[in-house]
Amino acid sequence: MRNPAVWLPIAALLLAFIVVCYAQLISRPAKYLPKAVWALIILAQIPIGGVLYLIIGRSERTTAEPPPTATPALPEVDRPRPVATQPPAVRTHAITKLFPGDVGLHAVDLTVPARGVYGLVGPNGAGKTTLLSLLAGLRRPDAGRLSTTAQVMLCPDTPAFEPWLTAAETVELFRRLSPNGTTGTDHALALAGLTAARDRRVGGFSRGMAQRLGLAVVLASGAQVLLLDEPTSALDPQGRAEILNLITALGRDHAVVFSSHILADIQRVADTVGVLREGRLIYQGPVDELLDRHTRPSWQLHLRAGADRLADRLGGLDWVAAVRRHEQGLRVDTTSVHAGETLLPAEISASGAELIAFNPVGADLETVFLNLVEVQP
Ligand SMILES: Nc1ncnc2c1ncn2[C@@H]1O[C@H](COP(=O)(O)OP(=O)(O)OP(=O)(O)O)[C@@H](O)[C@H]1O
C-alpha cells in the first residue's frame, strides 16, 4: 500500500464517492436522521456511512422530511381561514394505494391549504389512516404523486412511546432529534395539558394521556404540516374541548389535517373538509359550502301524541323529502323552506297530532355527511 500507484486511485474514488453523497444530501430531504448527523456518518465511516446514507437516509424530493423543530406560536384566535394566496402545503395527484380485495385508496386528489384546519371524514375503512400514512411518507403509493412544501409530522390515533421514559424525556428526545429546536419541552407539555404528568413514566399513561403526549411531541417537532389521526377519540369532553381549542390555534400558523368520526368536532374547528368513501374523495372544499349545498330544510316536531299518524300522512307528499322518528316526535325534511313553513303546519293540524314544539333545524355536518355517504351512487 506504500505504492502511490495503488492507493492514489483508491483515495480518488473514495473522495469522489463522498462528493456524490454530499451532493445528494444537499439536494434532497434526509430520512430518519438530521442532515448534519448524516454528514458526520458519511465522513466518519468511509465508505460504509455513505452507502448507508444512500440506501436508507436519502429521501425522494417529493416526500416530507423528518420532523424539525421550531416554536409554534399559539395565540388565542378566531377560527382560522385558509390562505388562498399561498401554495398548498400538501397536494396529491391521483394517489392510489390498494390492498387485497381492491380496498384502500383510489386516485385521490387532495389539496391541503398552507394554513388552516382540514377535516378528513369518512366511514370505517374509508381510507383515512391510509391517506395520512401516505402523506407522512410512511407508506409508498402504488400510483400517483405527492408533493409537499413543508415538513410533515404525523400523530397516530394510538401513539406508542418507550414505556420507561417520562413524558418530559419523551418530548425532549423528539425535540433534540430536530435540528433547529427552539420549542421548550415544558411549553409543549403545557399546551397538551400534561404539565402535572411531566415526570411520570409513559408506560403508565392512559390512552387519552398518550394522545396528549403525541400532540406534545408534534408541537415540539416544529413541523409545519401536522397530521392528526383522530386526536380526540380517547379524551373526555373537557379534554376534547381543550384539544379542539389547541387545534384551532395551531391552524393559524400551520396546515393541520385532522381526521375524526366526531363530525361536530370537525364542524367546529375545520374550515376545509374532505369526505372519503370507499377509498374515493367524494367531496373536498369549504365546510360552509358543503353545508349550504347539501342541507335540506329540516324541522323538528316535538309531539305529545299522533306521531305515527302524522308520519304516515307525510310519507306520500311530494314536498316532503324525508321523515324520521325520534323519541320525542318526528324530524321532517322538506324540499323547500316555503313548504315547511306553510304546508307542514296545516298537515300537523289535519292529522290531529298534539304538537308541543315546531323548530327549524340548523345545518349540521353529521346530517350532510350521512346524506353524502348513503345517497351518492
Ligand atoms: N395493511 C393493510 N393490509 C390490508 N388491508 C388494509 C391494510 N391497511 C388498511 N387496509 C384496508 O384498507 C381500507 C382502508 O383502511 P383505513 O385504515 O385507511 O380506513 P380508515 O378510514 O382509517 O378506517 P377507520 O375509520 O376504521 O380507522 C380498509 O378496508 C382496510 O381494511
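The structure presented is a predicted model; accordingly, all values stated were derived computationally and were not measured.

Calculation notes
- Each residue is numbered by its place in its chain's sequence as written, counting from 1.
- Reporting in this predicted model follows two pLDDT cut-offs: at least 70 for local features of residues, and 80 or more for side-chain atom pairs to be given and counted; totals over whole chains, interfaces and linings ignore these cut-offs and use all residues.
- Water and hydrogen atoms play no part in the side-chain values, which are based on all heavy atoms of the structure.
- UniProt positions are given in the numbering used here, feature names are shortened, and annotations may be inferred rather than shown by experiment.
- Labels follow the DSSP assignment, with helices taken as runs of H or I lasting at least four residues and strands as runs of E lasting at least two, numbered in each case from the N terminus.
- Expected span, for any helix, means 1.5 Å times one less than how many residues it has.
- Note on exposure labels: buried denotes an accessible area under 20% of the residue type's maximum, exposed denotes more than 50%, and partly exposed covers the range between, all computed with a 1.4 Å probe on protein chains only.
- We call two residues in contact whenever any of their non-hydrogen atoms come within 4.5 Å of each other.
- Note on terminology: near, applied to a residue and a molecule or strand, indicates that one of the residue's heavy atoms is within 4 Å of it.
- In protein, a polar contact means a hydrogen-donor-capable atom and an acceptor-capable atom, both N or O and within 3.5 Å, with residues adjacent in sequence counting only if both atoms are side-chain atoms; elsewhere, any N or O pair within 3.5 Å suffices.
- Every accessible area reported is derived by Shrake-Rupley at a probe size of 1.4 Å, with residue values counting cover from the shown protein chains alone.
- Ten residue types, Ala, Val, Leu, Ile, Met, Phe, Trp, Tyr, Cys and Pro, are classed as nonpolar, four, Asp, Glu, Lys and Arg, as charged, and the remainder, Gly among them, as polar.
- Strands are treated as partners if at least two bridges between them are detected by DSSP.
- Orientation is described by axes fitted as lines to C-alpha atoms, over the contacting stretch for helices, and by angles from 0 to 180 degrees between their N-to-C directions.
- Values of pLDDT, ranging from 0 to 100, describe the predictor's confidence in every residue of the model.
- Angle categories: roughly parallel below 35 degrees, roughly antiparallel above 145, roughly perpendicular from 65 to 115, and oblique for all the rest.
- For patches, a residue must show more than 30% relative accessible area and have no salt bridge; joins then use 9 Å for like charges and 5 Å for nonpolar side chains, namely Val, Leu, Ile, Met, Phe, Trp and Tyr.
- What counts as a salt bridge is simple: a side-chain nitrogen of Lys or Arg found within 4 Å of a carboxyl oxygen of Asp or Glu.

Moving on, we get to the UniProt feature "transmembrane region" (unreviewed entry) in the chain. When the UniProt feature table is mapped to this numbering, "transmembrane region" (unreviewed entry) covers residues 6–25 and 37–56. Between the C-alpha atoms that bound residues 6–25 there is a distance of 29 Å. The span itself is 100% helix and 0% strand. The span residues 37–56 shows a helical share of 85% and a strand share of 0%, and its end C-alpha atoms are spaced 14 Å apart.

So, about helix H1 (residues 4–27). With 24 residues, H1 should reach 34 Å at 1.5 Å per residue; the first-to-last C-alpha distance of 34 Å fits that figure. Among all positions in H1, only Ile18, Cys21, Gln24 and Leu25 are buried. Of the surrounding secondary structure, the elements contacted by the buried residues of H1 are helix H2 (35–44) and helix H3 (48–57).

Now for the site of the ligand. Among the 13 residues in the neighbourhood of the ligand, the closest are listed as Asn124, Gly125, Lys128, Thr129 and Thr130. In the environment of the ligand, an oxygen atom lies 2.9 Å from a nitrogen or oxygen atom belonging to the side chain of Asn124. Here Ala126 contributes a backbone N or O atom positioned 3.1 Å from an oxygen atom of the ligand. Here the ligand, which alone exposes 640 Å², has 64% of that area covered by the protein. Within the residue set of the shell around the ligand, elements represented by two or more residues are strand E2 (103–108) and helix H4 (128–135). Looking at which element gives the most residues to the shell around the ligand, the answer is H4, with three residues. Classifying every residue of the shell around the ligand by side-chain character gives four nonpolar, seven polar and two charged.

Structurally, Thr166 is set in the loop between strand E6 (152–155) and helix H5 (167–177). Apart from the residues within four sequence positions on either side, Thr166 is in contact with Arg198, Asp199, Arg200, Arg201 and Val202.

The strand order E12-E13-E11-E14 describes an open sheet built from four strands, whose pairing is antiparallel. Looking at strand neighbours, the two that pair on one side only are strand E12 (320–326) and strand E14 (354–360), the edges of this open sheet. The mean angle between the axes of side-by-side strands here comes to 20°, regardless of whether they run parallel or antiparallel. Seen against the sheet, helix H12 (residues 337–351) touches strand E11 (298–305), strand E13 (329–334) and E14 and runs at an angle of roughly 15° to E11.

Here we take up unusual backbone geometry. Positive phi values are uncommon outside glycine, yet Asp102 reaches one of about 65°. If you trace the backbone, Asp102 turns up in the loop between strand E1 (90–99) and E2. The phi dihedral of Glu230 falls on the positive side, at around 45°, and the residue is not glycine. Positionally, Glu230 belongs in the loop between strand E7 (225–229) and helix H8 (237–250).

When pLDDT is averaged along the chain, the result is 84, and 89% of the positions lie at 70 or above. Ranking the elements of the chain by mean pLDDT puts helix H13 (residues 365–375) last with 72 and strand E3 (residues 111–112) first with 96. Segment residues 61–83: pLDDT under 50, and 91 contacts once partners within four positions in sequence are set aside and those in other chains are kept.

What follows covers the packing of H1 against H2. Geometrically, a packed helix pair is captured by the angle between its two axes and the distance between the axes. Where H1 contacts H2, the two axes come as close as 11 Å, and the packing angle between them is 175°. Between H1 and H2, the angle is such that the two are roughly antiparallel. Across the interface between the two elements, Ile18, Cys21, Tyr22, Leu25 and Ile26 of H1 pack against Lys35, Trp38, Ala39, Ile42 and Leu43 of H2. In terms of residue class, the contact of H1 with H2 is made up of nine nonpolar, no polar and one charged.

So, about a nonpolar patch on the surface. There is a patch of nonpolar side chains on the surface, built from Val6, Ile10, Leu14, Leu43 and Ile46 and spanning about 380 Å² of accessible area. Here the nonpolar patch takes three residues from H1, the largest share from any one element. Examined against the element boundaries, Ile10 turns out to sit in helix H1.

Pairing between side chains of opposite charge can happen when their charged atoms approach one another. Per the counting criterion, the structure on display carries 11 salt bridges. When the shortest N-O distance is used, the salt bridge between Asp142 and Lys97 registers 3.8 Å. Of this pair, Asp142 sits in the loop between H4 and strand E5 (143–148) while Lys97 sits in strand E1; the two residues are 45 residues apart in sequence, bridging distant segments of the chain. Taking the shortest distance from any N to any O, the salt bridge between Arg198 and Asp186 comes out at 2.8 Å. Placement of the pair is Arg198 in the loop between helix H6 (185–191) and helix H7 (207–221) and Asp186 in helix H6, with a sequence separation of 12 residues. Taking relative accessible area as the criterion, Asp186 reaches 45% and is therefore assigned partly exposed. Three or more residues are tied together by salt bridges with common partners; here these are Glu172, Arg175 and Arg176.

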